[in-house]
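Report on the structure
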Amino acid sequence: MGSGDLRRRGDVVPIRTSGYGAVFLGIDECSSFGRTSFTEVSCTGERAAARVVARHDGTVRDGPRCPATTDFVLHISEQRPASDENGDGAVPRGYACMRNLQPPHPGDPGGGGGPRTIVGDCVRGLDDGQVRETACDGEGEQRPEYRVTEAVDARPRCPASTTLYVRLGGSSPVGCASPV
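Here the structure is a predicted model, which means the values were calculated and not measured.

Before going further, it helps to spend a moment on unusual backbone geometry. Cis geometry marks the peptide bond from Pro103 to Pro104; its omega dihedral reads 10°. With respect to the helices, strands and loops of the structure, Pro104 is situated in the loop between strand S7 (94-100) and strand S8 (122-125). Residues other than glycine seldom take positive phi values, yet Leu25 does so here, at roughly 50°. Counting through the fold element by element, Leu25 comes out in the loop between strand S2 (11-16) and strand S3 (30-31). Phi at Asp28 is positive, roughly 75°, even though this residue is not glycine. For Asp28, the position within the fold is in the loop between S2 and S3.

This brings us to the environment of Tyr146. Position of Tyr146 relative to the elements: it lies in strand S10 (residues 146-152). When its relative accessible area of 23% is taken as the criterion, Tyr146 is described as partly exposed. It is 9.5 Å that separates the C-alpha atoms of Tyr146 and Glu133, two residues lying 13 residues apart in sequence. Not counting chain neighbours up to four residues away, the residues in contact with Tyr146 comprise Asp121, Cys122, Val123, Thr163, Leu164, Ala177, Ser178, Pro179 and Val180.

Here the structure, examined in full by the defined rule, presents four disulfides. Between the sulfur of Cys66 and that of Cys97 lies a disulfide, 1.9 Å long from S to S. Its S-S torsion of approximately -75° makes the covalent link between Cys66 and Cys97 left-handed. Of the two residues, Cys66 sits in the loop between strand S5 (50-57) and strand S6 (72-76) while Cys97 sits in strand S7, which places them 31 residues apart along the sequence. Here Cys66 matches Cys97 in class, with each residue buried. Each disulfide in the protein links cysteines that, numbered along the sequence, combine into the pattern 1-2, 3-4, 5-6, 7-8.

This next bit is on the pattern of salt bridges. Within the structure shown, the criterion is met by four salt bridges. Ionic pairing is found between Asp57 and Arg55, a salt bridge with its closest N-O pair at 3.6 Å. We classify Asp57 as exposed; its relative accessible area is 55%. Accessibility expressed as a relative area gives 13% for Arg55, which makes it buried. Where salt bridges share partners, they join Asp71, Arg99 and Asp108 into one cluster.

Below, the discussion takes up the confidence of the model for the protein. On average, residues of the protein score 83 in pLDDT, and 78% of them are at 70 or above. Across residues 1-19, where pLDDT falls below 50, the model places 69 contacts with residues more than four positions away in sequence or in other chains.

Turning to the sheet that holds S8, a few remarks are in order. Here we have five strands laid out as an open sheet, ordered S9-S8-S10-S12-S11, and antiparallel in their pairing. The outermost strands of the open sheet, each flanked by one partner alone, are strand S9 (131-134) and strand S11 (164-167). Ignoring which end each strand starts from, the neighbouring axes of this sheet average 45° apart. Inspection of the sheet shows S8 paired to S10 by two bridges, in the antiparallel sense. When the sheet's bridge partners are listed, Val123 is paired in S10 with Tyr146.

The rules behind the values
Residues numbered from 1 in each chain as written. Predicted model: local features only at pLDDT ≥ 70, side-chain atom pairs only at ≥ 80, totals over all residues. Heavy atoms only, no water. Helix = DSSP H or I, 4+ residues; strand = E, 2+ residues; numbered from the N terminus. Buried < 20%, exposed > 50% of the residue type's maximum accessible area, 1.4 Å probe, protein only. Contact = heavy atoms within 4.5 Å. Disulfide = S-S within 2.5 Å. Salt bridge = Lys/Arg side-chain N within 4 Å of Asp/Glu carboxyl O. pLDDT = per-residue confidence, 0-100. Pairing = 2+ DSSP bridges. Axes fitted to C-alpha atoms, helices over the stretch in contact; angles between N-to-C directions.

Pasting the structure below:
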């Protein structure tokens, strides 16, 4: 089978296409986790670890956003292997929005991870004025300081109890956060 590069949260790891679908890691297909590679596998197999909930060509920056409860994003670099998933000689550059088949789900509200900050998530402040998502239950590396309670289209629409504004993006780009 062909090989390429795949990134999970910035890490580059080799991939192997398996021919399960017309598109490598298409919607509702599954991947395994490994220390050095991700492989497309049958969702009913024992090696299946995460399911594709959305798949887009191009880059995350230029493409559509992943669904709110996405656990992680796999970045797929363009490759032209000798053999690929549909025989056209190319695995296009893109990204797959992934959801773990079993808990934990860091993309869930309060889960402490995922590629997006959403209502219900907790954050902590960093020295440079930025915030970082952390688990609301305090089980993460850092204790939470604020919880995003609402998403609105402009800061004045946040409740009076808001002490921190978090950039969320989308149609309601302002997260209203209060101390936990």
